[in-house]
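# Summary of the model geometry
One-letter residues, chain by chain:
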Protein chains: 2
Amino acid sequence: MEPKGIPLNERIIFALDVDSAEQAKKLVKRLESHIRFYKVGLQLFLAGWFPVVKWIAERGHKVMLDLKFYDIPQTVKLAVGQLRGKGVTFVTVHGNEPIVEAAVEAGIDVKVLAVTVLTSFGQEDMQNFFGLRCKVEEMVVERARRAIDSGAAGIVASGLEAPRLRRELEGDYLIITPGIRPAVTDAGRDDQKRIVTAGQAIRGGADYVVVGRPIRDADAPISLIETMQEEIATSLQ
Amino acid sequence: MEPKGIPLNERIIFALDVDSAEQAKKLVKRLESHIRFYKVGLQLFLAGWFPVVKWIAERGHKVMLDLKFYDIPQTVKLAVGQLRGKGVTFVTVHGNEPIVEAAVEAGIDVKVLAVTVLTSFGQEDMQNFFGLRCKVEEMVVERARRAIDSGAAGIVASGLEAPRLRRELEGDYLIITPGIRPAVTDAGRDDQKRIVTAGQAIRGGADYVVVGRPIRDADAPISLIETMQEEIATSLQ
């Protein structure tokens, strides 16, 4: 009843995009009846460091530490090594094979997720920043393939790219999809150019969806979560 | 007598690549008679967070916080915003124009340095990871140009690329060069593929050089620093 052994209350990873441990704790307490997986990104980690991660983990929740390490392999290995025993389930890294391998070689009980192309990059950025004429999706697939081959447990990829990843890359790797918006609102797209709804993402092959602002800003967050979880459950059938 | 107003004892930024605040403090105490600028990277920041940065800054030294932020613009802006009042002089980011602009827009008194291409990337990685046939140096120049135009105060670039940056990009931006090895040893190249000596880097247009292991592992670190500083002073004339 739980595809891939992932309970429904872990499918939505709530992004704690706040600037203090106090605000993060308030949000966790408000949402934890329904959500058991939280993302700690750069902002909150800088504000609260490991104590806030530990606080979340000690309440029995999982933590995705989304620091997007992108440094030379030896530094990434040592950085990931610092996560030992800190209650982290997922950690994110950018980079090519030696970087992903270094993260995996840190040899700790944390799953390494590779970021392929940030969701803020659209097609027009490919030529400008990467100097490429290829499509975003092609770069995502190629980087994902190399990351999985290098030992990554999963890929952070937009909902638009997940279906292609599932088609072109076999194996039991995870897909985590940020840039999710509720189906029912016209919430702004913010910085994220490649966005879908939770149901679309899961149907397209995502295992987890990352949602922050839409839930935080909702008048009735719990009811929005329930709607999204129903949508996810339906998509998994 | 001090080109660009940078004292000689700030030209070498010592990389505190250690895994505890205690080790970092020991190194700072050992070197601070000669070096007044320290780099705190991912490993040490995860181990010691802002208290270790503050400790260094309160001894009157400068700090380059080398966390290489690479996330969507809004997240980078909020992350850089967390550095307010923390004693940081330089912070590093990866990324395209919106990301660099976001870091600058955080509007705090910290200089934003853009990483162009990690020194662990060699020519053979360009095709494999970026899908490019262009040379590393071309990508470095193009990314540097865009970063400077977006408000970055400087560029992190290897000593091999600094001369080309100075030739092709006008302005008073800073160049900070990692991957430095002493002229007099055959120290291993480690992960860094594009390396030069301190004198070569400064002659080629670098303002600062980042040095870690060669000084840390030297039998006589102070004498090695003095040699490197003489080399730098000569190159500046």
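For clarity, every value in this text was computed on a predicted model and none was experimentally measured.

Moving on to the relation of the copies chain B and chain A. Take chain B, turn it by 180 degrees, move it 0.0 Å along the axis, and it overlays chain A with an RMSD of 0.0 Å. What we have between these two chains is a two-fold relation. The share of interface residues of chain B whose copies in chain A are also at the interface is 100%, consistent with both copies meeting through the same surface.

Two numbers describe a pair of packed helices, the interaxial angle and the distance between the axes. At a minimum axis distance of 8 Å, the contact between helix α4 (residues 73-81) of chain A and helix α3 (residues 42-58) of chain B shows a crossing angle of 20 degrees. The orientation of α4(A) with respect to α3(B), classified from their angle, is roughly parallel. The interaxial crossing formed by α4(A) with α3(B) has left-handed handedness. Within the contact between the two elements, α4(A) uses T75(A), L78(A) and A79(A) and α3(B) uses L42(B), Q43(B) and L46(B). Across the contact of α4(A) with α3(B), the residue classes tally to 4 nonpolar, 2 polar and no charged.

A separate point is the packing of α4(A) against helix α5 (residues 97-105) of chain A. Residue and element names in this part refer to chain A. For the pair α4 and α5, the least separation of the axes is 8 Å and the interaxial angle reads 30 degrees. As the angle between them shows, α4 and α5 are arranged roughly parallel. As for how α4 packs across α5, the hand of that crossing is right-handed. Contact residues: α4 offers P73, Q74, V76, K77 and V80, while α5 offers P98, I99, A102, A103 and E105.

Rules of the game
- Residues numbered from 1 in each chain as written.
- Chains lettered and ligands numbered in written order.
- Predicted model: local features only at pLDDT ≥ 70, side-chain atom pairs only at ≥ 80, totals over all residues.
- Least-squares fit on C-alpha atoms with pLDDT ≥ 70 in both.
- Contact = placed C-beta atoms within 7 Å.
- Axes fitted to C-alpha atoms, helices over the stretch in contact; angles between N-to-C directions.
- Helix = DSSP H or I, 4+ residues; strand = E, 2+ residues; numbered from the N terminus.
- Parallel < 35°, antiparallel > 145°, perpendicular 65-115°, else oblique.
- Left-handed = near helix turned anticlockwise from the far one by under 90°.
- Nonpolar A, V, L, I, M, F, W, Y, C, P; charged D, E, K, R; others polar.

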